[in-house]
Amino acid sequence: MFKVLLVEDEEMIRKGLRFTFDWMGADCVVVGEAENGEEGLRQIAALRPDIVIVDVNMPLMDGIAMIEQSVEGASCSYIILSGYDEFRLAKAAIRLGVTEYLLKPLEQEQLLAALERAKGQVEMKRQYAAMKTSGTGSGEAQQASVVKLPGKSSRYVTKMLQYVQEHYKEKISIKDLVEKLEVSATYLNQKFKSETTYTFNDFLNRYRIQKAMEMLQHSDEKVYAIAADVGFKDYKYFIAIFKKYAGCTPSYYQETYVHEAKEDHDANG
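In this report, the structure presented in the accompanying data block is examined. (Residues numbered from 1 in each chain as written. Predicted model: local features only at pLDDT ≥ 70, side-chain atom pairs only at ≥ 80, totals over all residues. Heavy atoms only, no water.)

## Brief notes about the sheet that holds strand β1 (residues 2-7)
Working step 1: Across the sheet, 5 strands lie side by side as β2-β1-β3-β4-β5; this open sheet has parallel pairing. Of all the strands in the sheet, the pair left with one neighbour each is β2 (28-34) and β5 (100-103). This sheet shows a mean twist of 20° between the axes of neighbouring strands, independent of strand direction.
Working step 2: Relative to β2, β1 runs parallel, the two being bridged by 6 bridges. (Pairing = 2+ DSSP bridges. Helix = DSSP H or I, 4+ residues; strand = E, 2+ residues; numbered from the N terminus. Axes fitted to C-alpha atoms, helices over the stretch in contact; angles between N-to-C directions.)

## Some words on the packing of helix α7 (residues 155-167) against helix α9 (residues 185-196)
Working step 1: Contact geometry for α7 and α9: axes closest at 9 Å, N-to-C directions at 90°. Here α9 runs roughly perpendicular to α7, going by the angle between their axes. Residues Y156, V157, M160 and L161 of α7 lie in contact with α9, whose contacting residues are Y187, L188, K191, F192, E195 and T196.
Working step 2: A per-class count over the contact of α7 with α9 returns 7 nonpolar, 1 polar and 2 charged. (Parallel < 35°, antiparallel > 145°, perpendicular 65-115°, else oblique. Contact = heavy atoms within 4.5 Å. Nonpolar A, V, L, I, M, F, W, Y, C, P; charged D, E, K, R; others polar.)

## Brief notes about the nonpolar core
Working step 1: Formed by 39 residues in total, the largest nonpolar core has its most connected members in M160, L188, F192, F203, I209, F238 and F242.
Working step 2: For this core, the secondary structure elements donating two or more residues are α7, α8 (175-181), α9, α10 (200-218), α11 (223-229), α12 (235-246) and α13 (250-267).
Working step 3: Excluding residues within four positions of it along the chain, F242 makes contact with I209, A212, M213, L216, G247, C248, T249, P250 and Y253.
Working step 4: The next biggest cluster of nonpolar side chains, apart from the first, holds 23 residues, and it includes V7, V56, M61 and A92. (Core = buried A, V, L, I, M, F, W, Y, C linked by side-chain atoms within 4.5 Å. Buried < 20%, exposed > 50% of the residue type's maximum accessible area, 1.4 Å probe, protein only.)

## Focus on the environment of S194
Working step 1: Here S194 lies in helix α9.
Working step 2: Residues S194 and V157 lie 37 residues apart in sequence; the distance between their C-alpha atoms is 9.8 Å.
Working step 3: At a separation of 2.9 Å, a polar atom in the side chain of S194 contacts the main-chain carbonyl oxygen of K191. (Polar contact = N/O pair within 3.5 Å; in protein donor to acceptor, adjacent residues only side chain to side chain.)

## Some remarks on the pairing of strand β3 (residues 51-55)
Working step 1: With 5 of 5 residues buried, β3 lies mostly within the body of the structure.
Working step 2: Residues I51, I53 and D55 of β3 are buried on one face, and the alternating residues V52 and V54, pointing to the opposite face, are buried as well.
Working step 3: As paired elements, β1 and β3 share 4 bridges and run parallel to each other. When the sheet's bridge partners are listed, L6 is paired in β3 with I53.
Working step 4: Here 5 bridges tie β3 to strand β4 (residues 77-82), and the two strands are oriented parallel to one another. Across the sheet, the residue bridging to I53 is I79, located in β4.

## Brief notes about the side chain of E33
Working step 1: Note on placement: E33 falls in strand β2.
Working step 2: Look at E33 and you get buried, because its relative accessible area is 12%.
Working step 3: Reaching out from E33, the side chain makes a polar contact with the side chain of K15 at a distance of 3.1 Å.
Working step 4: Polar side-chain contacts of E33 include one of 2.9 Å to the side chain of R18.

## A look at the pairing of β1
Working step 1: Across the 6 residues that make up β1, a large majority, 5, are buried.
Working step 2: Crossover connection from β1 via helix α1 (residues 11-20) to parallel β2: handedness right-handed. (Right-handed = clockwise from strand over helix to strand, strands pointing away.)

## Points about the environment of P250
Working step 1: Inspection of the secondary structure puts P250 in helix α13.
Working step 2: For the pair P250 and A212, spaced 38 residues apart in sequence, the C-alpha to C-alpha distance is 8.4 Å.
Working step 3: Residues in contact with P250, not counting those within four places in the same chain, are L216, V223, F238, I239 and F242.

Right under this line is the structure:
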């Protein structure tokens, strides 16, 4: 489960979040609370949460200042809450790599979606840290995967996997395989899901995002160009799908992980 820390000066909102949201259903557990940024810093150091949900406007130390002071020493993901739709705050949050910027009053569905993205970001950071700890080189440490290929597969599924790998840059769908394999789309979907755990479209998106991640690590191309290179013609849709599977935006992924790889390289000479 993912450990969550709530940092909010308004007790009614803080307690409401803690006791009315289905944390177990979101695979999360609230490990602590803080009512200002200074206390939040102490709780982050003591509890080492995976996700911090923090209000912007608080006494003693606001949410942005708290994140700025904790972001270097902590590996958690942040979700910001605010009662004010201020572009300045949103811009600062994005600069700090905040997963989500949510406005009060908060809808349950909004928080759930934000938590999913934060969990994805946490998982990626865990993979990266584990690879570095195990002695994996920084270049390989960037290969955090959002898609897994089955060890063994039937003839139909093998053909489907090969088709995606060979044509992911193009506009494709499962309908393209119906005529080639001479079976129905329904049968192919069921077969593919049972052997890979993914739907065909889910696998296609995951495979494209995996390729995009590899290109972001090793290419100087702009994000919109990489989106087109891996088969996404709609740039906004690419951003949404990347955040869904990788837990962060493509630009944040590129800046964070390429920067860390460079630091590892410089440290190792």
